[in-house]
Amino acid sequence: MKRDRSWTWQPIAATRLDFTGLKIAVIGGTGGIGRALSRHLAAHGANVVVVGQTFRDSDLSGISFIKADLSLMQEARRVGASLPAETLDLVIFTTGIMAGPTREQTLDGIERDVAISYLSRFVMLNEIGPRLGKGRTEASTKPRVFVMGFPGSNQLGKPDDLNSETSYSRWTAHMNTVAGNEALVLDAAARYPQAAFFGLNPGFVKTGIRSNLFGPKMVLRIVEWMTGFMTSSPESYAERIAPLLISPDIEGHSGAMFNNKGEPILPSSKLTNRIVSKIMAASETLAARAKVQVAPFRLP
Ligand SMILES: NC(=O)c1ccc[n+]([C@@H]2O[C@H](COP(=O)([O-])OP(=O)(O)OC[C@H]3O[C@@H](n4cnc5c(N)ncnc54)[C@H](OP(=O)(O)O)[C@@H]3O)[C@@H](O)[C@H]2O)c1
């Protein structure tokens, strides 16, 4: 696995940014960053299918909707199986929540943040991964999968307690999703060589994802006002990152991670192949709890 950042890519000028005819799935494309990306890509000619709970863009052309509660792994499996993975050019995972002050469990018995923000992606990738690219006869690049999280931050989570059953803290629970998503990119890059996988770290973007962090809405507003200089809007992040999604320069760099400016960053050095494999094994066990079988694969 190539783990370097000794390369750059040249953004395509906004005037030449053309997504015409591209087939894109945005898992979590109904809100926040995913929604801003979906709208931006559709406005530049893409056919976008968004997966989420509430469709907010039915008035726009170029965006269709699959409704799903991705806290449930059978739902993640169903949506993955129904996506036309063979012909998709891009898949972008942006589904996410932040863990609450006390442990919440889904109907599958899975900690809620891990289920929505990470394990649903693991299950969906298992469905679409083997089919990616199989029906794209004229494409000059491999199909691409972008996984949004917080890669490069050296978070390892707790692979021995991915489900926060031994102990619970909202921070640890969320870091299980951060480590899981970065591991997912590194694992999938080796598991599915016919496609390319990338991690996206958006930095701090002003969305509703932190709405349960600071208690009353007024406190959240004050914190967001105080940190406003550090955050960008979902629309400006979408505009900044869109050229990366189709750049020919990232071909051949499957497994790479990018920061909020779209610059390549190093994957977490502590996230060794051994730890990635531990996270994948723990994910298979958790998915099996929801009666979803995932074929084992281990990085060397
Ligand atoms: N915002 C940031 O500063 C930031 C920083 C670092 C990383 N990230 C990562 O970026 C990604 C996007 O975050 P965001 O800020 O855009 O979050 P957001 O505004 O809260 O949007 C989350 C998306 O997830 C969907 N979702 C949540 N629960 C779901 C469920 N049970 N079933 C199906 N869909 C569900 C929402 O759909 P509905 O609205 O339809 O339910 C929405 O489309 C996440 O992976 C997050 O961890 C964000």
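Residues numbered from 1 in each chain as written. Predicted model: local features only at pLDDT ≥ 70, side-chain atom pairs only at ≥ 80, totals over all residues. Heavy atoms only, no water.

*Asks:* Please give an account of the site of the ligand that cites residues and values.
*Replies:* Near the ligand lie 30 residues; those nearest to it are Thr30, Ile33, Gln53, Val205 and Thr207. Between glycine 28 and the ligand, the recorded distance is 2.9 Å, taken from a backbone N or O atom to an oxygen atom. Threonine 30 is positioned such that a nitrogen or oxygen atom in its side chain is 2.7 Å from an oxygen atom of the ligand. The protein chains hide 90% of the 890 Å² of surface that the ligand would expose on its own. Counting residues per element, the ones that place at least two in the shell around the ligand are α1 (32-43) and α3 (112-128). Looking at side-chain class alone, the shell around the ligand contains 11 nonpolar, 15 polar and four charged residues. (Near = heavy atom within 4 Å. Polar contact = N/O pair within 3.5 Å; in protein donor to acceptor, adjacent residues only side chain to side chain. Areas by Shrake-Rupley, 256 points an atom, 1.4 Å probe, with all protein chains shown as cover. Helix = DSSP H or I, 4+ residues; strand = E, 2+ residues; numbered from the N terminus. Nonpolar A, V, L, I, M, F, W, Y, C, P; charged D, E, K, R; others polar.)

*Asks:* Before we move on, could you go through a nonpolar patch on the surface and cite the residues and values that matter?
*Replies:* Together, Phe150, Phe204 and Met230 give the surface a local cluster of nonpolar side chains, amounting to about 270 Å² of exposed area. By the element assignment, phenylalanine 150 lies in the loop between β5 (144-148) and α4 (170-191). For phenylalanine 150, a relative accessible area of 30% corresponds to the partly exposed category. (Patch = residues over 30% accessible without salt bridge, like charges linked within 9 Å, V, L, I, M, F, W, Y side chains within 5 Å. Salt bridge = Lys/Arg side-chain N within 4 Å of Asp/Glu carboxyl O. Buried < 20%, exposed > 50% of the residue type's maximum accessible area, 1.4 Å probe, protein only.)

*Asks:* Lay out the sheet that holds β5 with the relevant residues and their values.
*Replies:* The strand order across the open sheet formed by eight strands is β3-β2-β1-β4-β5-β6-β7-β8, and the pairing between neighbours is mixed. Where the open sheet ends on each side, the last strands, each with one partner, are β3 (63-67) and β8 (264-265). Where β5 and strand β6 (residues 196-200) come together, five bridges link them in parallel fashion. Paired with valine 145 across the two strands is phenylalanine 197, which belongs to β6. Relative to the sheet, α1 contacts β1 (23-27), β2 (47-52), β3, β4 (90-93) and β5, its axis offset from that of β2 by approximately 165 degrees. The sheet contacts of α4 involve β5, β6 and β7 (257-258), and relative to β6 the element is tilted by about 165 degrees. (Pairing = 2+ DSSP bridges. Contact = heavy atoms within 4.5 Å. Axes fitted to C-alpha atoms, helices over the stretch in contact; angles between N-to-C directions.)

*Asks:* Tell me about the packing of aromatic side chains, and please be specific about residues and values.
*Replies:* A full pass over the atoms with the stated rule returns six aromatic pairs. Geometrically, the ring pair formed by tyrosine 118 and phenylalanine 122 is tilted, given 6.3 Å between the ring centres and 45 degrees between the ring planes. Note that tyrosine 118 and phenylalanine 122 are positioned in helix α3 at a spacing of four residues, about one turn of the helix. The class for phenylalanine 122 is buried, based on a relative accessible area of 3%. Summarising the aromatic geometry, the rings of phenylalanine 198 and phenylalanine 258 are spaced 6.0 Å apart at their centres and angled 55 degrees between planes, so their arrangement reads as tilted. One end of the pair, phenylalanine 198, is in strand β6; the other, phenylalanine 258, is in strand β7, with 60 residues separating them in the sequence. Classification of phenylalanine 198 by relative accessible area gives buried; the value is 0%. (Phe/Tyr/Trp six-rings, centres within 6.5 Å; stacked < 30°, edge-to-face > 60°.)

*Asks:* Which residues make up the packing of α1 against helix α6 (residues 234-246), and what are the values?
*Replies:* The relative placement of two packed helices comes down to the angle between their axes together with the axis-to-axis distance. Close contact between α1 and α6 brings their axes to 9 Å; oriented N to C, the two are set at 60 degrees. Judged by the angle between their axes, α1 and α6 are oblique. Classified by chirality, the crossing of α6 by α1 is right-handed. Contacts from Gly32, Ile33, Ala36, Leu37, His40 and Leu41 of α1 reach α6 at Pro234, Glu235, Tyr237, Ala238, Glu239, Ile241, Ala242 and Leu245. In the contact of α1 with α6, the residues fall into 10 nonpolar, two polar and two charged. (Parallel < 35°, antiparallel > 145°, perpendicular 65-115°, else oblique. Left-handed = near helix turned anticlockwise from the far one by under 90°.)

That's the geometry; what it means functionally is another story.
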